[in-house]
Amino acid sequence: MKTKSYDDLFDKYVQEKKIYESVILIEKGTGETIFSKTYGGKDIDSPILAASITKMFTAACIFILIQRGYMTLNDNLLNFYEPAYLNGLHFYKGKDYSCDLKISDLLCQTSGLADLYEEGKNSIKKQAIVSDTFISFDEYIAITKETEAHFPPNCRNSAYYADINYNILGDIIEKVTKCSLERVFEKYIFSKINMTKTYLPVSEKEYIPMVYYGDQQLYRPQFIMCSKASGGCITSTRDLMIFIQAFFHGELFDKKFLHSNLYRKLQLSMYPIYYGNGYMRIKMGGFSTSFLGQGDLIGHSGSTGSFAFYYPDKKLFFAGDFNQMKYPALPIRFVIQLAMFAP
């Protein structure tokens, strides 16, 4: 293995982007460690923000609940909400599509709903950088109703990344199980595969790491706690490695949910990412690698610099964190180059 190349690449990213703390772990599917390195006092068991990798936990729970008969991918949101609650949620070019939304539309980011986290002059991300604010699920729904959707649900090959899709899935999980999301995650994922450092915080008494935005350290417990299904988990690099291997090895749910996946290209700002059943796909043979790569990277990254990816062509798994909100594309570029170095 090109461990020297991995080492140099890690140092380059840390220095060029002025990263204050970082960690990386590379393993084979057999569990053999290929490369591991830390920086700034972090280690593979240090708490990190999973951020949007949490969406993979939510997706895994949806697959498990489908297997247990709680729902199907084709279930309409009217199965879980009153029409009056949904009305106006998805409004596009004068037509209300709210009651046409399905579980699969949320899971695959094909609902067309707006991305409140990034969009607008007063986006949720900009608010979170300035101050710590808790936004309830009902408030998320109300804000979404004020913003026009980008296209009708499941429109041709369109996909649009939006946290609200997974916030709704998390609420549906709680409705059908009659149990809190943190307990569902613990029962079906964390305890099952021994993720001892991972939890969904519900109180400021629980440890919630700070995250950097440039040189500024942010402590945002309320924002993390209201992100729940879309980005609220605290984890560690070792636990992320356990999870990403279990997810793609079929240890949590039937792998048919992965084999039946239909990937769609996300909005231009998310290039070169495609999205499917709860996770990202990056084509290694495209512009992002000057057509020199091969195969796909599958997994997820988080806006705080976290990443957990599988490279099937080389049977390698990558997990880690840069703890930096200012450069959300950083982990994607990094993992692409890690895959390029693989023999």
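Above this text you will find the structure in question.
Sequence order as written defines the numbering, with residues in each chain counted from 1. Local features in this predicted model are restricted to residues whose pLDDT is 70 or higher, and side-chain atom pairs enter the listing and the counts only when it is 80 or higher, whereas totals over whole chains, interfaces and linings include all residues. Only heavy atoms go into the side-chain values, all of them from the structure, while hydrogens and water stay out.

**Q** Can you help me understand the overall build of the protein in this one?
**A** In this description a helix means any DSSP run of H or I spanning at least four residues, a strand means any run of E spanning at least two, and both kinds are numbered starting from the N terminus. Assigned secondary structure in the protein consists of 12 helices and 14 strands. Each principal axis of the C-alpha atoms in the protein carries an extent, and together these give about 60 × 40 × 40 Å. Only protein chains enter the accessibility calculation, which uses a 1.4 Å probe; a residue whose area is less than 20% of its type maximum is buried, one above 50% is exposed, and one in between is partly exposed. When burial is assessed residue by residue, the protein has 58% of its 343 residues classed as buried. When checking whether two residues touch, look at their non-hydrogen atoms; a contact exists if any pair is within 4.5 Å. Considering only contacts in the protein between residues 6 or more positions apart, those separated by 24 or more positions represent 68%. For the protein, the exposed area adds up to about 14,400 Å²; of that, 49% sits on carbon and sulfur atoms. One finds the centroid of the 38 positive side-chain charges in the protein at a distance of 5 Å from the centroid of its 36 negative side-chain charges. Note on areas: Shrake-Rupley with a 1.4 Å probe; residue coverage comes only from the protein chains shown. For the purpose of counting charges, residues Lys and Arg are taken to be positive, whereas Asp and Glu are taken to be negative. His and the chain ends are not included. By convention, the point assigned to a charge is CZ for Arg, NZ for Lys, CD for Glu and CG for Asp.

**Q** Just to check I follow, could you spell out the nonpolar core for this structure?
**A** Joining through side-chain atoms within 4.5 Å is the link that ties buried Ala, Val, Leu, Ile, Met, Phe, Trp, Tyr and Cys residues into a set, and such a set is a nonpolar core. Core analysis: the biggest nonpolar cluster contains 114 residues, and Ile168, Ile172, Ile189, Phe247, Leu297 and Phe318 have the highest contact counts within it. Among the elements that make up this core, the one with the highest residue count is helix α2 (residues 54-67) (10 residues). Filtering out sequence-adjacent residues up to four positions away, Ile189 remains in contact with Phe57, Ala60, Cys61, Val184, Met195, Phe243 and Leu252.

**Q** It is not clear to me how the side chain of Gln324 should be interpreted in this structure. Could you clarify?
**A** Mapped onto the fold, Gln324 is located in the loop between β14 (316-321) and α12 (330-341). Taking the relative accessible area as the measure of exposure, Gln324 reaches 2% and is therefore buried. Discounting residues that sit within four places of it in the chain, Gln324 has contacts with Lys18, Ile19, Val211, Tyr212, Tyr213, Gly214, Ser303, Thr304 and Gly305.

**Q** So what exactly am I meant to see when it comes to helix α9 (residues 221-231) here?
**A** For an α-helix, the turn length of 3.6 residues means that residues three or four places apart are oriented alike. For α9, the buried fraction is high: 9 of the 11 residues fall into the buried class. Those residues of α9 not exposed but buried are Pro221, Phe223, Ile224, Met225, Cys226, Ser227, Ala229, Ser230 and Gly231.

**Q** So what exactly am I meant to see when it comes to the pattern of salt bridges here?
**A** When the charged atoms of two side chains with opposite charge come close together, those side chains can pair. When a carboxyl oxygen of Asp or Glu lies within 4 Å of a side-chain nitrogen of Lys or Arg, that pair is called a salt bridge. One pass over the full model with this rule turns up 10 salt bridges. Linking Asp45 and Arg238 is a salt bridge whose minimum nitrogen-to-oxygen distance equals 2.7 Å. Taken as a pair, Asp45 in the loop between β2 (33-39) and β3 (48-49) and Arg238 in helix α10 (residues 237-249) lie far apart in primary sequence, 193 residues in all. A salt bridge links Lys55 to Asp163; the shortest N-O distance between them is 2.7 Å. Separated by 108 residues along the polypeptide, Lys55 in helix α2 and Asp163 in helix α7 (residues 163-177) bring together distant segments of the chain. Classification of Lys55 by relative accessible area gives buried; the value is 0%.

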